Amino acid sequence: MLAHVHTHITKELEQNTKTDIIFILTAIILNLITLAINSGLVEKSRTENSTLVVMFVFVSLIVLVNIVVIIGLIKGRQTRMKLVNGLITMYKDQNVSKYYDESLLGNYNVRYNLFILVVVCTGVIATIVPFILR
């Protein structure tokens, strides 16, 4: 039964990683595409108010998606910590915890913070640059 639980936890960790990758790539790609679109609309927005409205709609989309992604990454970090803590407890119970360095938990937190920082930075750039060009 213990092997089954271990397999289940490691599969959950793999799924968690895949979900995080999808969140991160979605945000970055959307931010870059929106940056390109809004930058392309800058010239028209100087003379047409409707184009400026479209730019603000894309900015709203950036903000909404980035908030969802950041919340998803925070939940992903919490889930990873719970799953890894379960593994650590299991390893301690089986007297094999010396093979897992618990300092990795801190590394996971740093990594998630860096992911969130990348999402925020690309979102801010995608939001601000077109309006600076305007």
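Data block above holds the structure.
Residues numbered from 1 in each chain as written. Predicted model: local features only at pLDDT ≥ 70, side-chain atom pairs only at ≥ 80, totals over all residues. Heavy atoms only, no water.

**Some points on the packing of helix 1 (residues 2-45) against helix 3 (residues 104-133)**
- The N-to-C vectors of helix 1 and helix 3 enclose an angle of 10°; their axes lie 8 Å apart at closest approach. When the axis of helix 1 is compared with that of helix 3, the two are roughly parallel. Within the contact between the two elements, helix 1 uses Asn16, Asp20, Ile24, Ala27, Ile28, Asn31, Leu35, Asn38, Ser39 and Val42 and helix 3 uses Tyr112, Phe115, Val118, Val119, Thr122, Gly123, Ile125, Ala126, Val129, Pro130 and Leu133.
- A class-by-class count of the residues in the contact of helix 1 with helix 3 yields 14 nonpolar, six polar and one charged. (Axes fitted to C-alpha atoms, helices over the stretch in contact; angles between N-to-C directions. Helix = DSSP H or I, 4+ residues; strand = E, 2+ residues; numbered from the N terminus. Parallel < 35°, antiparallel > 145°, perpendicular 65-115°, else oblique. Contact = heavy atoms within 4.5 Å. Nonpolar A, V, L, I, M, F, W, Y, C, P; charged D, E, K, R; others polar.)

**What about the side chain of arginine 77?**
- Along the chain, arginine 77 falls in helix 2 (residues 49-93).
- With no salt bridge to any partner, buried arginine 77 finds its closest opposite charge in aspartate 20, at an N-O distance of 9.2 Å.
- Non-local contacts of arginine 77, meaning those with residues more than four positions away in its chain, are made with Asn109, Tyr112 and Asn113. (Buried < 20%, exposed > 50% of the residue type's maximum accessible area, 1.4 Å probe, protein only. Lys, Arg positive; Asp, Glu negative; His and termini not counted. Salt bridge = Lys/Arg side-chain N within 4 Å of Asp/Glu carboxyl O.)

**Here's the deal with unusual backbone geometry**
- With phi around 60°, asparagine 95 is a residue other than glycine that occupies positive phi space.
- When you line up the elements, asparagine 95 lands in the loop between helix 2 and helix 3.

**So, the nonpolar core**
- Ranked by size, the top nonpolar core spans twelve residues in total: Ile9, Leu13, Met81, Leu83, Val84, Leu87, Ile88, Met90, Tyr91, Tyr100, Leu105 and Tyr108.
- Of all the elements in the fold, those that place two or more residues in this core are helix 1, helix 2 and helix 3.
- For this core, the leading source of residues is helix 2, giving seven residues.
- Once you skip the residues sitting within four places of it in the chain, tyrosine 100 turns out to touch Val84, Ile88, Tyr91 and Tyr108.
- The next biggest cluster of nonpolar side chains, apart from the first, holds nine residues, and it includes Ala27, Leu30, Val65 and Val119. (Core = buried A, V, L, I, M, F, W, Y, C linked by side-chain atoms within 4.5 Å.)

**Comments concerning the packing of aromatic side chains**
- This model, assessed by the stated rule, comprises three aromatic pairs.
- Judged by centre distance (4.9 Å) and plane angle (35°), the rings of phenylalanine 56 and phenylalanine 131 are tilted. With phenylalanine 56 in helix 2 and phenylalanine 131 in helix 3, this pair connects stretches of sequence that are 75 residues apart.
- Each ring, one from tyrosine 91 and one from tyrosine 100, has its centre 6.1 Å from the other, and the planes form 50°; the classification is tilted. Comparing tyrosine 91 with tyrosine 100, the two get one shared label, buried.
- Over the ring of tyrosine 108 we find arginine 80, and its NZ or CZ is 5.1 Å from the ring centre. (Phe/Tyr/Trp six-rings, centres within 6.5 Å; stacked < 30°, edge-to-face > 60°. Lys NZ or Arg CZ within 6 Å of the ring centre and 35° of its normal.)

**A closer look at the side chain of threonine 34**
- Mapping threonine 34 onto the fold places it in helix 1.
- Judged by relative accessible area, threonine 34 falls into the buried class, the value being 1%.
- A distance of 2.8 Å separates a polar side-chain atom of threonine 34 from the backbone oxygen of leucine 30.
- Excluding anything up to four places from it in sequence, threonine 34 contacts Phe58 and Ile62. (Polar contact = N/O pair within 3.5 Å; in protein donor to acceptor, adjacent residues only side chain to side chain.)

**Description of the environment of methionine 90**
- In this fold, methionine 90 is placed in helix 2.
- Remark: the alpha-carbon pair of methionine 90 and lysine 11, spanning 79 residues in sequence, is separated by 16 Å.
- Other than its neighbours up to four places away in sequence, methionine 90 contacts Leu2, Val5, His6 and Ile9.

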